[in-house]
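# A closer look at the structure
The primary structure of each chain is shown beneath.
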Amino acid sequence: MNKKNQSGNMILTILLIITFIIIAVLIYILAGGKIPQIGRTSGVQSPDMEIRNVDTKQTNGEFSDGLINPSFSETYPLDEFGTGIFERQIFDIDINGDGNNDRITRTRNENGTSHFYYQYKIELNKNGKFVDITPDGFRTTEGAECALQKLQFKFNPEFRVVKISRDWENSWDTPTMATKTIYIFNNGSLAPTETNQMKIVCDVTSLF
């Protein structure tokens, strides 16, 4: 092989090496610039961690009450009139920071019309026994056009519940003044700490 052919082969080899380097860099960038770490497994978030990280304002444009990934979920048949308990879900999460999983139960109740409601029950785990600390009126009021009462659970920086409600007047879709109440832990119970009037609305969901 003459020197001219050797030189041409060397140039071709160099170009191929440069091409491989460019392709490798592009793949690295498209992969997000992350280099796999050998010997390290990716952890799976517990339901507690996932609940604390969820955006409770909106999820894909829809209202969220802040409760996700139930540890128990079951649906039930309704009676001949379409009434009864339709679904029950239980969420295990340490809501008072004592290292023990407490319990929030959400039950969907149907009454044969478009006006269903969610009932909430909050229980603290005290030495393996669950103690009900649910305040009065911890349920939603859902209409076909407007919701008169909704609740939203928040876990950061501390556990609290926001309830926004308004009074019924004349009809379901007659707007009235909405009130916002925030509940926090106080001496082992869940108590209202702040209540403010907001504005006149039909659907209180828009105020979260």
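Residues numbered from 1 in each chain as written. Predicted model: local features only at pLDDT ≥ 70, side-chain atom pairs only at ≥ 80, totals over all residues. Heavy atoms only, no water.

## Some remarks on the pattern of salt bridges
Per the stated rule, a full pass over the model turns up five salt bridges. Notably, a salt bridge pairs Lys121 with Glu123, separated by 3.8 Å at the nearest N-O pair. When the shortest N-O distance is used, the salt bridge between Glu142 and Lys150 registers 3.1 Å. Residue class for Lys150 comes out buried when judged on its relative accessible area of 11%. It is possible to trace a salt-bridge network through shared partners that takes in Arg103, Lys121 and Glu123. (Salt bridge = Lys/Arg side-chain N within 4 Å of Asp/Glu carboxyl O. Buried < 20%, exposed > 50% of the residue type's maximum accessible area, 1.4 Å probe, protein only.)

## Overview of a nonpolar patch on the surface
Taken together, the side chains of Met10, Ile11, Ile14, Leu15, Ile18 and Ile22 make up a nonpolar region of the molecular surface, amounting to roughly 580 Å² of accessible area. With respect to the element layout, Leu15 can be found in helix α1 (residues 3-30). Residue classification places Leu15 among the partly exposed residues on the basis of a relative accessible area of 49%. (Patch = residues over 30% accessible without salt bridge, like charges linked within 9 Å, V, L, I, M, F, W, Y side chains within 5 Å. Areas by Shrake-Rupley, 256 points an atom, 1.4 Å probe, with all protein chains shown as cover. Helix = DSSP H or I, 4+ residues; strand = E, 2+ residues; numbered from the N terminus.)

## What about the state of the cysteines?
As enumerated under the stated definition, the model contains one disulfide in all. Disulfide partner of Cys146: Cys202, at an S-S distance of 1.5 Å. Here the disulfide of Cys146 and Cys202 is right-handed, its torsion about the S-S bond being about 85°. Separated by 56 residues along the polypeptide, Cys146 in the loop between β8 (141-142) and β9 (147-154) and Cys202 in the segment after β12 (189-201) bring together distant segments of the chain. (Disulfide = S-S within 2.5 Å.)

## Examining the sheet that holds strand β5 (residues 102-111)
Strands belonging to one sheet form pairs held by backbone hydrogen bonds; the direction of such a pair is parallel or antiparallel. Reading across the sheet, the five strands line up as β3-β4-β5-β6-β7 and stay open at both edges, with antiparallel pairing between neighbours. At either end of the open sheet lies a strand with only one pairing partner, and these are β3 (72-75) and β7 (129-132). This sheet shows a mean twist of 25° between the axes of neighbouring strands, independent of strand direction. Sheet analysis places strand β4 (residues 83-93) next to β5, joined by 10 bridges and oriented antiparallel. (Pairing = 2+ DSSP bridges. Axes fitted to C-alpha atoms, helices over the stretch in contact; angles between N-to-C directions.)

## Overview of the sheet that holds β8
Strand order in the open sheet made by the five strands is β8-β9-β10-β11-β12, with antiparallel pairing throughout. Because the sheet does not close on itself, it has two edges, and the strands there are β8 and β12. Bridging between β8 and β9 involves two bridges; their strand directions are antiparallel. Bridge pairing in β9 links Glu142 to Ala147.

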